[in-house]
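Structural characterization, general
One-letter residues, chain by chain:
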Amino acid sequence: MTIAQQPEALNFECETGNYHTFCPISCVAWLYQKIEDSFFLVIGTKTCGYFLQNAMGVMIFAEPRYAMAELEEGDISAQLNDYEELKRLCLQIKRDRNPSVIVWIGTCTTEIIKTDLEGLAPKLEAEIGIPIVVARANGLDYAFTQGEDTVLAAMANRCPSKAPKALTETDKSDERNPIQKLLNFGKKKEEVIQEESEYVDHPPLILFGSLPDPVVTQLTLELKKQGIKVSGWLPAKRFTELPIIEEGYYVAGVNPFLSRTATTLMRRRKCKLIGAPFPIGPDGTRAWVEKICSVFGITPQGLDEREAQIWASLEDYVKLIRGKSVFFMGDNLLEISQARFLVRCGMMVHEVGIPYMDKRYQAAELALLEKTCQEMGVPLPKIVEKPDNYNQVQRIYELKPDLVITGMAHANPLEARGINTKWSVEFTFAQIHGFTNARDLLELVTRPLRRNNNLKDLGWDKLVKEEAKI
Ligand code: SF4
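Conventions used here
Residues numbered from 1 in each chain as written. Predicted model: local features only at pLDDT ≥ 70, side-chain atom pairs only at ≥ 80, totals over all residues. Heavy atoms only, no water. UniProt positions renumbered as here; feature names shortened; annotations may be inferred. Salt bridge = Lys/Arg side-chain N within 4 Å of Asp/Glu carboxyl O. Helix = DSSP H or I, 4+ residues; strand = E, 2+ residues; numbered from the N terminus. Buried < 20%, exposed > 50% of the residue type's maximum accessible area, 1.4 Å probe, protein only. Axes fitted to C-alpha atoms, helices over the stretch in contact; angles between N-to-C directions. Parallel < 35°, antiparallel > 145°, perpendicular 65-115°, else oblique. Contact = heavy atoms within 4.5 Å. Nonpolar A, V, L, I, M, F, W, Y, C, P; charged D, E, K, R; others polar.

Under the annotation held in an unreviewed UniProt entry, the chain carries the name Light-independent protochlorophyllide reductase subunit N and is attributed to Umezakia ovalisporum FSS-62. Turning to the chain, the UniProt annotation filed under Subunit (unreviewed entry) states: "Protochlorophyllide reductase is composed of three subunits; ChlL, ChlN and ChlB. Forms a heterotetramer of two ChlB and two ChlN subunits." In UniProt, the chain has this text filed under Function (unreviewed entry): "Component of the dark-operative protochlorophyllide reductase (DPOR) that uses Mg-ATP and reduced ferredoxin to reduce ring D of protochlorophyllide (Pchlide) to form chlorophyllide a (Chlide). This reaction is light-independent. The NB-protein (ChlN-ChlB) is the catalytic component of the complex."

Listed below in structure tokens is the structure:
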């Protein structure tokens, strides 16, 4: 097919939803680490427990701040009293760990037996004196990273809408903004005031999405270079430090799977959403910073050079993948941003599978993907929402991509058939945001190619019989 025959716009399809992904309750693994004073209680069955125990790997030996409330026969047949059972467990958590918040994670079972978690929580909260946040991160409705979305949407409702009276205007942002506090650490009051003047006068900006602390600092500093002050992050390091959100504040997302949180911030908290591509890859980070600048009427400084410099430092990795093709089976919603970045690296994307596609929240990212494909002169990929893994495997056999980004269920079977694979879940846990982490992202993408190049001479690239005789 020549470029001239390419469809003008992206092509969206929807399949059966018969695909592998992590259950959204897995979000407790990274959220309990992020929110240091939280405790996550997953209210489900042994199925959920087995999943968490296995998926979390070695983390489960580190006394994690999460637990399962395992439902018994008596709970399901309503012979036991839900309220009393949960109260007993929450009091035990309060006694043993004394958290600042308990997050209840609803599961498939609580949905099916219609446990009224949202109804029970406020009553119990008042009785035991610890905030209880309810998130229904179940496998019936959501996929993997969307679990974080449900938790953050629930937390968005808990952000204070006014600073406590005791804080003065200047203290206000610092007290609630631990990053700012960190950046100002060791500085005298006058220096801090002097620094304040380096910021452009713009309406408050809150960023949402859970990222490791070093990445939070990097992105905050990246915006600071443009004179933009980040007034807070949702979530913060501690539940007690959730940012103040007043009507009219601006908000911007850092991850593509946060559409419910974005909706909650807009509808319930009356914030203005800055719809930008996501800061993944140097191209995405630049577009993200530029969009935020444009909303505040700021002309971005030095982004051209910064981006060019990062691309130059990536060249040794980029040359390994330039001209190669990639196929995303789709399981974590980061796919569109990654596909856009890999196209910019010179790859051709056959298909982008994705569990759920919010075309409004991801509009800027989709537009950038389209633009990048046109600029790089490669065909636009097919976007397959709710993919069917069986059909995808048939397409992979036909297309013979150089790299398949997929879950662990298909990785080894495909490798044994001579197809390079990258395990998709690693992208969720690795630090891939911002300018400086672009290298880590490519490190992951190129690893299987580098490894298989090294092993090529052994002549073992296919390890299964081509045709099994039955
Ligand atoms: S899909 Fe449902 S039953 Fe399975 S682990 Fe997730 S919440 Fe539990």
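**Topic: the pattern of salt bridges**
According to the stated counting rule, one finds 32 salt bridges in the structure shown. Of the charged contacts in the structure, one is a salt bridge between Arg88 and Glu85, with a shortest N-O distance of 3.1 Å. Within this pair, Arg88 and its partner Glu85 are both found in helix α4 (residues 82–97), separated by three residues, close to a single helical turn. Judged by relative accessible area, Arg88 falls into the partly exposed class, the value being 49%. The class for Glu85 is partly exposed, based on a relative accessible area of 23%. A salt bridge links Glu307 to Arg286; its shortest N-O distance comes to 2.8 Å.

**As for the packing of helix α13 (residues 281–295) against helix α15 (residues 335–344)**
Here α13 crosses α15 at 115 degrees, and the two axes come no closer than 7 Å. One way to sum up the angle between α13 and α15 is to call them roughly perpendicular. Side by side, α13 and α15 meet where Gly281, Pro282, Asp283 and Gly284 of the first sit next to Arg340, Phe341 and Arg344 of the second. When grouped by side-chain class, the residues that make up the contact of α13 with α15 number two nonpolar, two polar and three charged.

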